[in-house]
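Coordinate inspection notes
Here's the letter readout for the chains.
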Amino acid sequence: MIKSTIKPLFAALLSGYVVYLLSFLHFVFNLIIGGFIYLFLILLIKGLDSQDIRYGREIFEQIFRRTTTDEVLVSEKK
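Residues numbered from 1 in each chain as written. Predicted model: local features only at pLDDT ≥ 70, side-chain atom pairs only at ≥ 80, totals over all residues. Heavy atoms only, no water.

On to the overall build of the protein. Counting secondary structure elements, the protein contains three helices and zero strands. Ordered by position in the sequence, the α and β elements of the protein form the string α-α-α. In the protein, buried positions account for 9% of the 78 residues. Summed over its atoms, the accessible surface of the protein is roughly 7100 Å², and 70% of this surface lies on carbon and sulfur atoms. (Helix = DSSP H or I, 4+ residues; strand = E, 2+ residues; numbered from the N terminus. Buried < 20%, exposed > 50% of the residue type's maximum accessible area, 1.4 Å probe, protein only. Areas by Shrake-Rupley, 256 points an atom, 1.4 Å probe, with all protein chains shown as cover.)

This is the structure:
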């Protein structure tokens, strides 16, 4: 369990440090920049395995499917 948390923890600490250095920027910009840096670091240090990617895709597909279904229902009500 500890071994699987080292890479994400390292990426979180490094991205958090960058956000701290950029604290003079607006909060929203810091949030976006921190998120991109975190994702970049996770991909760079190979912090995701195939199971993580598959799980992320499933979540994204469910969200996207639900959004498009809701949009169709809203447009049908009009």
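Where nonpolar side chains cluster on the molecular surface, the patch consists of Phe27, Val28, Leu31, Ile32 and Phe36 and spans about 550 Å² of accessible area. Structurally, phenylalanine 27 can be placed in helix H2 (residues 27-44). Judged by relative accessible area, which is 61%, phenylalanine 27 ranks as exposed. (Patch = residues over 30% accessible without salt bridge, like charges linked within 9 Å, V, L, I, M, F, W, Y side chains within 5 Å. Salt bridge = Lys/Arg side-chain N within 4 Å of Asp/Glu carboxyl O.)

At a minimum axis separation of 9 Å, helix H1 (residues 2-21) and H2 run at an interaxial angle of 145°. For the pair H1 and H2, the crossing hand works out as right-handed. Where H1 abuts H2, its residues Lys7, Pro8, Ala11, Ala12, Leu14, Ser15, Val18 and Val19 lie against Asn30, Gly34, Ile37, Tyr38, Leu41 and Ile42. (Axes fitted to C-alpha atoms, helices over the stretch in contact; angles between N-to-C directions. Left-handed = near helix turned anticlockwise from the far one by under 90°. Contact = heavy atoms within 4.5 Å.)

Further remarks concern H2. For H2, built from 18 residues, the straight-helix expectation of 26 Å at 1.5 Å per residue is met to within 8% by its first-to-last C-alpha distance of 25 Å. For H2, every residue scored as buried is listed here: Asn30, Gly34, Leu41 and Ile42. Looking straight down H2, one finds its buried side chains confined to an arc of 100°; they lie on one side. H2 presents Phe29, Phe36, Phe40, Leu43 and Leu44 as exposed residues on the side facing more than 90 degrees away from its buried surface. The inward-facing, buried residues of H2 contact H1. Looking one or two residues past H2, lysine 46 carries a phi angle of roughly 55°, positive in sign. (Expected span 1.5 Å × (residues − 1). Arc of directions from axis to C-beta.)

What follows covers the confidence of the model for the protein. Mean pLDDT for the protein: 80, with 82% of residues reaching 70 or above. Ranking the elements of the protein by mean pLDDT puts helix H3 (residues 50-77) last, at 71, and H2 first, at 89. (pLDDT = per-residue confidence, 0-100.)

Tracing the chain through its elements places leucine 25 in the loop between H1 and H2. The class for leucine 25 is partly exposed, based on a relative accessible area of 32%. If we ignore the near neighbours within four places in the chain, the residues touching leucine 25 are Asn30 and Ile33.

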